[in-house]
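Understanding the architecture of this molecule
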Amino acid sequence: MPLASQQTTADMILSNGKIITVDDRFTIAQAVAIKGDRFIAVGTNQEIAPLAAPNARRIDLRGRAVIPGLIDNHLHLLRAATTWQKELRFDGVDSRKQAVQMLRARAKSVGPGQWVYNIGGWAYQQFADDPKPFTRAELDEIAPENPVALQESYYQVFLNSRGLKALGIEDNAPDPAEFLKGSIQRDASGKALGIVKGDIAGTRAVANKLPRVAPDQLEASSVALVEDMNRAGLTAAGVPGCNADVLEIFQRWKAAGRLNIRVFCIDGAAAGTPQQVDRSIQQIAQMKLFQGDSYIDSIFFGESVYGPLHDPMFALKSSPQPDQLDAWRRIAMAIAKAGMPLHVHAELHDTIDAFLDQIEAINKEHPVKNLRWALAHVNQINASQLERMKNLGMSAVVNPWAVINGGIMHEGFGDGAYDMPPLRTIQNSGIEWGLGTDGTAANQTLPFTTLYFAVTGKMAGGTKVLRQTISREDALIAHTRNNAYLVFQEGNLGSIQPGKQADLLVLDRDYLTVPADQIKDIKPVMTMIAGRIVYDAHTSVAQASRPVSVQR
Ligand SMILES: [Zn+2]
């Protein structure tokens, strides 16, 4: 039923659709009315039609499904802007043949001598037609005139001869000093294979040397990034480490009323060494969160508290030491004392247990129950840990790395990888939790690929890697309404309800009825943020057919 009074006049009406509201009762409606930046009514065509102002914009959805804008609870969005325009991204590319074509085309378009590269967001196991690594010789053949570096998640980087040369890696010569010992793969004769391997610590030496977007191109790169996110259906994100130079651009857009993605920063000065702990505690006392609004805000301390306890991405096991945990607890105690929310990277079983031990101790001195503390990634979490978190009022920021890393994780963890993350256990625990990616390096960024993974257990490319799947309704709630809570915007975002901000997606097919294997192929035909259309497939050159009928 529409809640708005008849005097209220909507300036936009969307009707004749299947509005999947994701409200508490998962109501399906036909039509929705928007005034300014907010929904004012949701109901049947007959209920909504009379609310239109005489000059209202009317969108005939022609039966299309509509869902709330998708929110990623942990996406390194602003960092990505510093490379996005230069990266050749493989998000959503499930054919190796296509990837090779993209490499050839990029080499041609950037011209001889220029880098062709990406920094994560893919793994070769996603290539359904031919899942195998790239070789130095192959990349030499594809792009003989360009240095090439293709970073698979944080696992390894594939390089061609020009790429090796640009990084100072020579055959039969000592490794350059900045490379982690043993990370440069060589054959018995000392020839470099064109692979640099070894988690973040190993791959970082390559990524650090790849060119960034020039300062005068940063805004254009940011625009391209946000357009890609809108096209994929993303309208908001929790963002670890908000880069100041990029944030300034976003602030400028906001002031001009044209910010097309909401950014909720997860920030803070973690200590990397024992000597830095006191400094970190002092900085916490100075930090101020929640000075912003529903477009840009700072909401969490995170995503790291104490560097030595930050689980490496592909580590199989952790063993947190007492002195490290003392340092961790001192910093986290300061965060609790300051009354701040905490969002902390915690991945492996023993790390999660150790953090919970510390938080339970902190909770006795400075209660954290109402501070919305959260553990992020949690691919190895279990039922008893979820129960402990629930008792502490904590939530789970779930970032299934297996969406692209499923093959690598199965090599490392064996059968255990089928429960990483244990989505059904998390869902059944009743804890507050949401879905995100941890893109753009550790993971791909497309939210419909994440939803497909959660519902089918299949990684990008279609290999089954997860046993604990969930219903498509629960997956959608986890990517919308639950994430609104995880960015402190549950009053404004996450569902299509009167009073909330008008963020929505019109879809090219019905998320609730499309065969599960096609969820990854769903494309928004329109993305709206705060009542503004920020992406319209009709005006995009990529789409020929008119998606919905708009009277202007
Ligand atoms: Zn992390």
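Up top you'll find the structure we're talking about.
Reference entry: report on the structure contained in this document. Since we're looking at a predicted model, the values are computed, not measured. (Residues numbered from 1 in each chain as written. Predicted model: local features only at pLDDT ≥ 70, side-chain atom pairs only at ≥ 80, totals over all residues. Heavy atoms only, no water.)

The next subject is the sheet that holds strand β3 (residues 28-29). Judged by pairing direction, the sheet is mixed, and its 6 strands sit side by side in the order β3-β2-β7-β21-β22-β23 without closing on themselves. The outermost strands of the open sheet, each flanked by one partner alone, are β3 and β23 (532-536). Pairing between strand β21 (residues 504-507) and strand β22 (residues 524-529): 4 bridges, direction antiparallel. Within the sheet, the bridge partner assigned to Val506 lies in β22 and is Met526. Here helix α7 (residues 218-232) sits on the sheet in contact with β22 and β23, set at roughly 115 degrees to β22. (Pairing = 2+ DSSP bridges. Helix = DSSP H or I, 4+ residues; strand = E, 2+ residues; numbered from the N terminus. Contact = heavy atoms within 4.5 Å. Axes fitted to C-alpha atoms, helices over the stretch in contact; angles between N-to-C directions.)

This next bit is on helix α6 (residues 199-207). Count 3.6 residues to each turn of an α-helix, and residues three or four apart come out pointing the same way. Every buried residue of α6 is accounted for by Asp199, Gly202, Thr203, Ala205, Val206 and Ala207. In the core, the buried residues of α6 are packed alongside β9 (116-119), β10 (148-152), β11 (156-159) and β13 (192-197). (Buried < 20%, exposed > 50% of the residue type's maximum accessible area, 1.4 Å probe, protein only.)

Surrounding the zinc ion are the protein donor atoms Glu303 (OE), His345 (ND1) and His377 (NE2), which sit 1.9 to 2.2 Å from the metal. If you list the donors of the zinc ion from N- to C-terminus, the spacing comes out as E-x41-H-x31-H. Of the two residues, Glu303 sits in strand β16 (residues 296-303) while His377 sits in strand β18 (residues 374-377), which places them 74 residues apart along the sequence. Looking at Glu303, the relative accessible area reads 12%, which means it is buried. The class for His377 is buried, based on a relative accessible area of 0%. (Donors = N, O, S within 2.8 Å, 3.2 Å for Na, K, Ca; no water.)

Counting across every chain of the model gives 1 disulfide. The disulfide that involves Cys242 links it to Cys265, with 2.1 Å between the sulfurs. The S-S bond linking Cys242 to Cys265 shows a torsion near -90 degrees; that makes this disulfide left-handed. Of this pair, Cys242 sits in the loop between β14 (234-240) and α8 (244-255) while Cys265 sits in strand β15 (residues 262-267), placing them 23 residues apart in sequence. A relative accessible area of 10% means that Cys242 is categorised as buried. (Disulfide = S-S within 2.5 Å.)

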